[in-house]
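What follows is the residue order along each chain.
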Amino acid sequence: MALTLYKMDASPPVRAVYMVIEALKLPNVEYVETDLLADDHLKDDFLKINPQHTIPHLTDGNFQLSDSHAIITYLMNKYGKNSDLYPSDPQQRAMIDQKLHFDSGILYPALRENDEPIFFGTATSLKPEGVAKIRSAYDFTEKFLTGSQWLAGNKLTVADISCVATVSTLNELLHIDEAMYPNICAWINRCAEHEFYKNGNQPGLMEFRRLLKIYLAR
Ligand SMILES: N[C@@H](CCC(=O)N[C@@H](CS)C(=O)NCC(=O)O)C(=O)O
């Protein structure tokens, strides 16, 4: 196995992949720092392997793969065949895939719409439309967690890992009020008890917080 992950710790989709690497205890992953704030992702060498210039990006030997959701399911298919994190039962798997798409299509775009103007533009506050997108994303997540401890069935899966990386980061932009969103808060706390979260999400989340504070104070 020769896995290389192009990464920046503050990035939520990178942290989702870290958590899966931690949960599967994959050894010998090589990490290549790709500092978006220094435009590392726009350099020729990186564009050759990922023309879309996003991180995370994984190489496994000669195989190249971008997008955290594709990377996560690839790692599970290749290195976590019998894991409850991504069971092979078609219906269980479909429910997990649905929430991975929810992350990709709803949660992460709400984050990107709000943090891109701060980190790559001159914004120092959120726009009302951006806040509305985050609230709508929280509303859906709260509903999905009604009567259920986890996002896709009664066990922790990669759906929770992927979504909690984004939701814990959204919380840095727009605080999740426990009175309004008790299910989300309890779910984040449940995820945060796991070693994969402590090692794979928490340090990068603190780095995101540090960078956000600096950029908002400009
Ligand atoms: N859907 C993608 C999103 C990846 C993404 O947009 N990553 C951001 C960092 S959090 C990035 O690389 N931005 C630089 C760019 O798009 O040029 C995933 O899940 O990997």
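Residues numbered from 1 in each chain as written. Predicted model: local features only at pLDDT ≥ 70, side-chain atom pairs only at ≥ 80, totals over all residues. Heavy atoms only, no water.

Asks: Got a sec to walk through the packing of helix α1 (residues 12–24) against helix α6 (residues 158–173)? Specific residues and values, please.
Replies: Between two packed helices, the angle of one axis relative to the other and the distance separating the axes together describe the packing. At their nearest, the axes of α1 and α6 sit 9 Å apart, and the two run at 145° to each other. Helix-helix and strand crossings are classified by hand; for α1 and α6 the assignment is right-handed. The residues of α6 that touch α1, namely those facing Pro12, Arg15, Ala16, Met19 and Val20, are Val158, Ile161, Ser162, Val164, Ala165, Thr166, Ser168 and Thr169. A per-class count over the contact of α1 with α6 returns 8 nonpolar, 4 polar and 1 charged. (Axes fitted to C-alpha atoms, helices over the stretch in contact; angles between N-to-C directions. Helix = DSSP H or I, 4+ residues; strand = E, 2+ residues; numbered from the N terminus. Left-handed = near helix turned anticlockwise from the far one by under 90°. Contact = heavy atoms within 4.5 Å. Nonpolar A, V, L, I, M, F, W, Y, C, P; charged D, E, K, R; others polar.)

Asks: A description of the site of the ligand should follow, citing residues and the corresponding values.
Replies: Taken together, 14 residues lie around the ligand, and His53, Ile55, Asp67, Ser68 and Arg112 are the ones closest in. Here an oxygen atom of the ligand and a side-chain polar atom of tyrosine 108 are 3.0 Å apart. Interatomic distance of 2.7 Å between a side-chain N/O atom of arginine 112 and an oxygen atom of the ligand. When the ligand sits alone it has 510 Å² of accessible area, and the protein chains cover 87% of it. Of all the secondary structure elements, the ones that give two or more residues to the shell around the ligand are α1, α3 (68–79) and α4 (90–119). Looking at the shell around the ligand residue by residue, the class counts come to 6 nonpolar, 6 polar and 2 charged. (Near = heavy atom within 4 Å. Polar contact = N/O pair within 3.5 Å; in protein donor to acceptor, adjacent residues only side chain to side chain. Areas by Shrake-Rupley, 256 points an atom, 1.4 Å probe, with all protein chains shown as cover.)

Asks: Pulling in residues and values, what's your account of a nonpolar patch on the surface?
Replies: On the surface, Ile106, Phe140 and Phe144 cluster together into a nonpolar patch covering about 230 Å² of accessible area. With respect to the element layout, isoleucine 106 can be found in helix α4. (Patch = residues over 30% accessible without salt bridge, like charges linked within 9 Å, V, L, I, M, F, W, Y side chains within 5 Å. Salt bridge = Lys/Arg side-chain N within 4 Å of Asp/Glu carboxyl O.)

Asks: Could you give an account of the domain arrangement of the protein, with specific residues and numbers?
Replies: The assigned domain composition of the protein is domain 1 (3–79) and domain 2 (90–216). The C-alpha-based centres of domain 1 and domain 2 are spaced at 19 Å. Across the boundary between the two partners, domain 1 contributes 20 residues, which contact 28 residues of domain 2. Only α1 and α3 provide two or more residues apiece to the side of domain 1 that touches domain 2. The biggest single contributor to the side of domain 1 that touches domain 2 is α1, with 9 residues. Taken together, the residues of the side of domain 1 that touches domain 2 break down into 13 nonpolar, 3 polar and 4 charged. (Domains from an automatic or database assignment.)

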